[in-house]
Amino acid sequence: MRQPPGFAADLIADMPESPRLLVLDSITQALGDVQGGALGAVIVSGSHGGISAGQFALLAAPHAVIFNDAGVGLDDAGIAALALLQDASIAACAVAHSSARIGEARSTLEHGRISHCNARASALGARPAMACRDWIALLAARED
């Protein structure tokens, strides 16, 4: 489901050089009919950060992607995409399932707190306990 016009822009207003922000309930939507495509965008997703989600993110080729850790799970299955995306030099992190609703990207954006991040995301300023919104604002500022 696409977000209403201006929703993403409200967050990064007055930063015209910043990466495009896509707020998608499912990472699979990054491969659909997203205006302008997902290539090089920052994707805020409501999806878990498992391997299957990571494979969709790889195909979309974003600059960065944010998932829900879905409680992390057995063998870190809920955040396995972070390592997969690290291998492709894509910044990725997950917000704590206790801070945002799984499957709702707006919740991730508005309330999500980073719980895990890959090395690429860390190099771009992502830190555990940081608000998702704050990391996105930091990414936008770095693009200036």
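Just so we're clear, the structure is a prediction, and the values are computed from it rather than from any experiment.

A residue-level look at the protein finds 83% of positions with pLDDT of 70 or above and a mean pLDDT of 87. Confidence drops under a pLDDT of 50 for residues 1–17, and excluding neighbours within four residues, the segment shows 29 contacts in the predicted structure.

Another aspect to go through is the nonpolar core. V44, I66, W135 and I136 are the most contacted members of the largest nonpolar core, which totals 21 residues. Mapped onto this core, the elements with two or more residues apiece are strand 1 (21–24), strand 2 (42–48), strand 3 (64–68), strand 4 (91–95), helix 4 (105–111) and helix 6 (132–143). Considering each element in turn, this core owes the most residues, four residues, to helix 6. Not counting the four nearest positions on each side in its chain, I66 is found in contact with I43, V44, S45, C93, V95, T108, C132, W135 and I136. Counting 20 residues, the second largest nonpolar core, distinct from the first, contains L22, L24, I27 and I43.

Summarising the element assignment, T108 is placed in helix 4. For T108, the residues in contact, after removing those within four places along its chain, are V44, S45, G46, I66, V95, A100, R101 and C132.

This part covers the packing of helix 2 (residues 51–60) against helix 3 (residues 80–87). When two helices pack together, their arrangement is given by the angle between the helix axes and the distance between those axes. At a closest axis distance of 7 Å, the pairing of helix 2 and helix 3 adopts a crossing angle of 30°. The orientation of helix 2 with respect to helix 3, classified from their angle, is roughly parallel. In the packing of helix 2 onto helix 3, the handedness of the crossing is right-handed. Contacts from I51, G54, Q55, A57 and L58 in helix 2 reach A80, A81, L84 and L85 in helix 3. For the contact of helix 2 with helix 3, the class distribution of residues is seven nonpolar, two polar and no charged.

Turning to the sheet that holds strand 5 (residues 114–117), a few remarks are in order. Taken in spatial order, the five strands of this open sheet run 1-2-3-4-5, and their pairing is mixed. With one partner strand each, in any of the chains shown, strand 1 and strand 5 form the two edges of the open sheet. Shown here is a sheet whose adjacent strand axes are inclined to one another by a mean of 25°, direction ignored. Relative to strand 5, strand 4 is paired through three bridges, and the arrangement is antiparallel. Directly across from V95, in strand 5, lies its bridge partner I114.

Parameters at a glance
- Residues numbered from 1 in each chain as written.
- Predicted model: local features only at pLDDT ≥ 70, side-chain atom pairs only at ≥ 80, totals over all residues.
- Heavy atoms only, no water.
- pLDDT = per-residue confidence, 0-100.
- Contact = heavy atoms within 4.5 Å.
- Core = buried A, V, L, I, M, F, W, Y, C linked by side-chain atoms within 4.5 Å.
- Buried < 20%, exposed > 50% of the residue type's maximum accessible area, 1.4 Å probe, protein only.
- Helix = DSSP H or I, 4+ residues; strand = E, 2+ residues; numbered from the N terminus.
- Axes fitted to C-alpha atoms, helices over the stretch in contact; angles between N-to-C directions.
- Parallel < 35°, antiparallel > 145°, perpendicular 65-115°, else oblique.
- Left-handed = near helix turned anticlockwise from the far one by under 90°.
- Nonpolar A, V, L, I, M, F, W, Y, C, P; charged D, E, K, R; others polar.
- Pairing = 2+ DSSP bridges.

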